[in-house]
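Report on the structure
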Amino acid sequence: MNRIKRGWKKISEIDELMLIVALVVIIIIMSLMSEYFFTGKNLMNVLRQSSTTLIAATGMTLLLLVGEVDLSIGSLAAFSAVIMVDVMNMTQAILPAVLVAIGIGVGVGLFNAFVVTKFNIASLIVTLGVMTSVRGFAYIYTNAIAIQNTVDGFTVIGNGYVGPIPIPVIIAAVLFVLCYFLLKYTTFGRYIYASGDNKNAALASGINVNKIKTITFVLCSVFAVISGIILTARVNSGQPNLAQGFEFTVIAAVILGGTSLSGGQGTLIGTLVGVLILGVLDNGLVLNDVSSFWQDVVRGAVIILAVIIDTRRTQKREKISRRLVEQGAVSQ
Amino acid sequence: MKKLVGIFLVVIFGISLIACSQAATPATETSTGSAGTEVSSGNGEALRIGYIENFASHEFYQNIIKGMKQTAEENGWSLEIADANGDISKQISLGENMLAKDVDALIVTPVDAKGVMPLIEQAEAAGVPVITEAVPLEKQTCYVGIDDFYGGYIDGQAAGEYANENNIVPKVLVVGAPALEVCVQRVEGFKTGLQEVCPEAEIVVEVDGGGTKDTAVAVATDALTANPDINMVMGINDDSTLGGLLACEAAGMDMSQVTGFGFGVEGIAAKNELVNPDSSYKGGLGMFPEMIGRLCVEMAAKAANGEEVPVAITTPLVVMNGENVTEYYEQDGDSWEIKWESVEELGYTPRDTVEIQK
């Protein structure tokens, strides 16, 4: 590995370590502030509630790594959820409904990828438009009335356990581990990093960047739909106003975890820690009966901090690259 | 490539045309311009009323619109509805469009009390009466609203009475929305009413559910962890109350020992829970959105005809439970329809002052 990459890796590792330390510190503080925090039941709740964020954040990490973003995940979660509950009521079966929802996720993901790659429009703008219109479709479809679920057993997806472990945690863990292996140990994973790091170099090396982007857009959308299914199972109804603001929580967690907004840099472990930090903060603040307004302040501060760290990280990398080039250690 | 772009643009254009024709009214039967609905009213004129609302994306407002449409149809008035969707500048332009179309009266659910004033000025200059709903302004022809504190108060009293009858010492989880003043009023009213009837009742914790069900479930879950002795949930709307109760259920609590008293009964879900004897949702403050819609239209028509209208009216509120909900609503397949005779008997209260927030 050349010196630049080694230098960058060192920064990432230090940052990752700092993140884990930050998480541990927050956990210690929360444990001291409330006797209920460090209990088995509460920790399971934190994990359960973080699962939906983690699933979507895993997909979002892959997408951010190729240098794109998807703001539509909250709206998509709601839209696919209301259709899913309707189908579930009609068929009185869970599986076909889930498949329909995932199909919608694939469709929207393909649409996002198509518009971004074919017309070369920034994904921020495209997915912003999709976010607005898909939410609108959710309201149109339901006439703003939540669809009550009539099929028994559905809530198990959101509230059930396998042994001591909540089912959403298991789903999140499986998806996370799969993507971790995908990213670290497959060619596809390397292509993801390459496409986001330097698109032209990747293209020159024969990587079909558009194909990589399409696949990651679809993964991001499908993972968002899965999060939506779990959230819907917890409220047992198809809510058109589901997951409002979800995209910002997810993106904040991913950036906090070290993934760069400009692509090419980031790890899933970082995302996991970022998700846990936000999850622990949210949970701890409610346990301690802190006003929700302060919760908003804390969240906003964490997000700003994350962006500052991200910018500083990018600047550090550029400085190291420049220095190494100047020293003649690496040819331009 | 260019051909593709061209086709794409045409498709988008086509979709937006279709969307626009449906966007202005949730159902187009009663919009101006569709034939057959402009029947003369008593004095030989078809009254044209325009309603610009703030946020159609809620069942509550869908029901207000339902009540408005039924009233307009009964009287042969023409009703046009547009949704500002939380955008104050859009609300003003939609209002200006309606004024340009010479509506006889305007009904507005203001996005923002100060921001909407330019529209009110224009309406005044054009001699068009303005009825406001939910948000009182410094000036309007008539303000139609509910008394949030009073509603919370009678709901709290009902909760207290239920607790006394069933030997429960309420330990309450409030799922509120503290960013909205009206929701704060509802909670304050509830606390006052509850503690008057049942002094041992304790408000254990208040959380911010944001008015939506999924957020309510999440924050209620955490609150229940820290306060496992909670046995009553109060929410500022249906989603908040039902979300809180879902959190109790998911936490493995014995639901026969948990009760929910909420504010709103805005839609189908809440009414279904009320009539279900196994449900923990025991009482809800009914806002009768259909009646709010009806009164808005009636006041608008009166004002347009030059009759006198009160400065403000307070619409009826009733605490509904399993026994009396069928007095005011009847089930019609999957939905619930309002029984106009019984609700109209509740009447409304005219007021001669309007309280506005500074």
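I will try to describe carefully the structure that is included in this document. No experiment lies behind these values; they were computed from the predicted model shown. (Residues numbered from 1 in each chain as written. Chains lettered and ligands numbered in written order. Predicted model: local features only at pLDDT ≥ 70, side-chain atom pairs only at ≥ 80, totals over all residues. Heavy atoms only, no water.)

Turning to the packing of aromatic side chains, a few remarks are in order. To describe a pair of aromatic rings, you give the distance between the ring centres and the angle between the ring planes. All names here are of chain B. Summed over all chains, the structure comprises 8 aromatic pairs over all chains. When the centroid spacing of 5.2 Å and the interplanar angle of 85° are considered together, the rings of phenylalanine 60 and tyrosine 61 count as edge-to-face. A residue is classified by how much of its surface remains accessible, and phenylalanine 60, at 9% relative accessible area, is buried. Owing to a relative accessible area of 12%, tyrosine 61 belongs among the buried residues under this scheme. Cation over ring: lysine 271 sits above tyrosine 329, and NZ or CZ is 4.1 Å from the ring centre. (Phe/Tyr/Trp six-rings, centres within 6.5 Å; stacked < 30°, edge-to-face > 60°. Buried < 20%, exposed > 50% of the residue type's maximum accessible area, 1.4 Å probe, protein only. Lys NZ or Arg CZ within 6 Å of the ring centre and 35° of its normal.)

Moving on, we come to the sheet that holds strand β8 (residues 232–235) of chain B. All names here are of chain B. Pairing is mixed across the open sheet formed by 6 strands, whose spatial order is β7-β6-β8-β9-β10-β12. The open sheet has two free edges, formed respectively by β7 (202–208) and β12 (318–320), since each of these has just one partner strand. Taken pair by pair, the neighbouring strands of this sheet meet at an average axis angle of 20°, ignoring direction. Looking at chain direction, strand β6 (residues 171–176) and β8 are connected through 4 bridges and run parallel. Of the residues in β8, the one forming a bridge with leucine 173 is valine 233. This element, helix α8 (residues 238–250), spans β6, β8, β9 (259–264) and β10 (281–286) of the sheet and lies at about 160° to β9. (Pairing = 2+ DSSP bridges. Helix = DSSP H or I, 4+ residues; strand = E, 2+ residues; numbered from the N terminus. Axes fitted to C-alpha atoms, helices over the stretch in contact; angles between N-to-C directions. Contact = heavy atoms within 4.5 Å.)

Let us now look at unusual backbone geometry. Even without a glycine there, the phi angle at A:Ala144 is positive, about 70°. Of note, A:Ala144 is situated in the loop between α5 (123–142) and β1 (147–148). Exposure remark for A:Ala144: the relative accessible area of 9% places this residue in the buried category. Not every positive phi belongs to a glycine, and B:Asn167 is a case in point at roughly 55°. Inspection of the secondary structure assignment puts B:Asn167 in the loop between α5 (148–165) and β6.

So, on to the interface of chain B and chain A. With 33 residues of chain B at the interface, the matching set in chain A holds 30 residues. Taken together, the two surfaces of chain B and chain A that pack against each other cover about 2,700 Å², and 62% of this comes from carbon and sulfur. Summed over the shared surface of chain B and chain A, the result is 0 salt bridges. Linking chain B with chain A are 8 residue pairs in polar contact (both at pLDDT 80 or more). Among the elements of the structure, α1 (2–23), α2 (59–75), β7, α7 (213–226), α8 and α9 (268–275) of chain B are those that each provide at least two residues to the side of chain B that touches chain A. Tallying contributions element by element places α7(B) first for the side of chain B that touches chain A, with 10 residues. A per-class count over the side of chain B that touches chain A returns 20 nonpolar, 6 polar and 7 charged. (Buried area = accessible area lost by both parts, 1.4 Å probe. Salt bridge = Lys/Arg side-chain N within 4 Å of Asp/Glu carboxyl O. Polar contact = N/O pair within 3.5 Å; in protein donor to acceptor, adjacent residues only side chain to side chain. Nonpolar A, V, L, I, M, F, W, Y, C, P; charged D, E, K, R; others polar.)

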